[in-house]
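# Chains, contacts and geometry: an overview
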Amino acid sequence: MPGHSPGSVAVHVPLADAVFVGDALTTRHVLTGREGPQPAPFTDDPAEALASLDRIARLPASWVLPGHGTPWRTSPVRVSEAVRAGGVGG
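I will try to describe carefully the structure that is included in this document. All values reported here derive from a predicted model rather than from experimental measurement.

Scoring rules and cut-offs
By convention here, each chain's residues receive numbers from 1 onward along its written sequence. Two thresholds apply to this predicted model, a pLDDT of at least 70 for residue-level local features and 80 or more for giving and counting side-chain atom pairs, whereas whole-chain, interface and lining totals are computed over all residues. For the side-chain quantities, the full set of heavy atoms in the structure was used; hydrogens and water were omitted. Each helix corresponds to a stretch of at least 4 residues labelled H or I by DSSP, and each strand to a stretch of at least 2 residues labelled E; elements are numbered beginning at the N terminus. Think of it in three bands: residues with accessible area under 20% of the maximum for their type are buried, residues over 50% are exposed, and the middle band is partly exposed, with areas taken using a 1.4 Å probe on protein chains only. As used here, the arc belongs to the directions running from the helix axis to the C-beta atoms. Put simply, a nonpolar core is a bunch of buried Ala, Val, Leu, Ile, Met, Phe, Trp, Tyr and Cys residues held in one set by side-chain atoms that sit within 4.5 Å of each other. By definition, residues are in contact when any of their heavy atoms lie within 4.5 Å.

Okay, unusual backbone geometry next. Located in the positive-phi region is Asp17, a residue other than glycine, with phi close to 55°. Relative to the helices and strands, Asp17 is located in the loop between strand 1 (11-13) and strand 2 (18-28).

Below is the structure:
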């Protein structure tokens, strides 16, 4: 997950039908409490962070698990779309 911070990664676990994205994504902003999928507030390179979301979009998963906020039961492609649309909840 380049963009959030150097060395950030996502972990796809097919057996769990999930993608763990850590602090690259939040579903609850840690500073404002705003809910919905959005980049983490302390992202080093926002453009690269969005590109990272696009790279995981093709992964087959039904859960996207952020480092902060509730897990989101949707596909990675829907998360990428929602973040680009302004964090519309899912």
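Our focus in this paragraph is helix 2 (residues 76-84). Those residues of helix 2 that sit buried are Pro76, Val79, Ser80, Ala82 and Val83. The buried side chains of helix 2 occupy one side of the element, clustering within an arc of 165° when seen end-on. With its phi angle positive at about 105°, Gly86 sits one or two positions after the end of helix 2.

Val21, Leu25, Ile56 and Val79 are the most contacted members of the largest nonpolar core, which totals 13 residues. At the level of secondary structure, the elements contributing two or more residues to this core comprise strand 2, helix 1 (46-56) and helix 2. Per-element accounting of this core gives the leading share, four residues, to strand 2. The residues touching Leu25, leaving out its near neighbours within four places in the chain, are Pro37, Gln38, Ala40, Val64, Pro66, Gly67, His68, Val79 and Val83.

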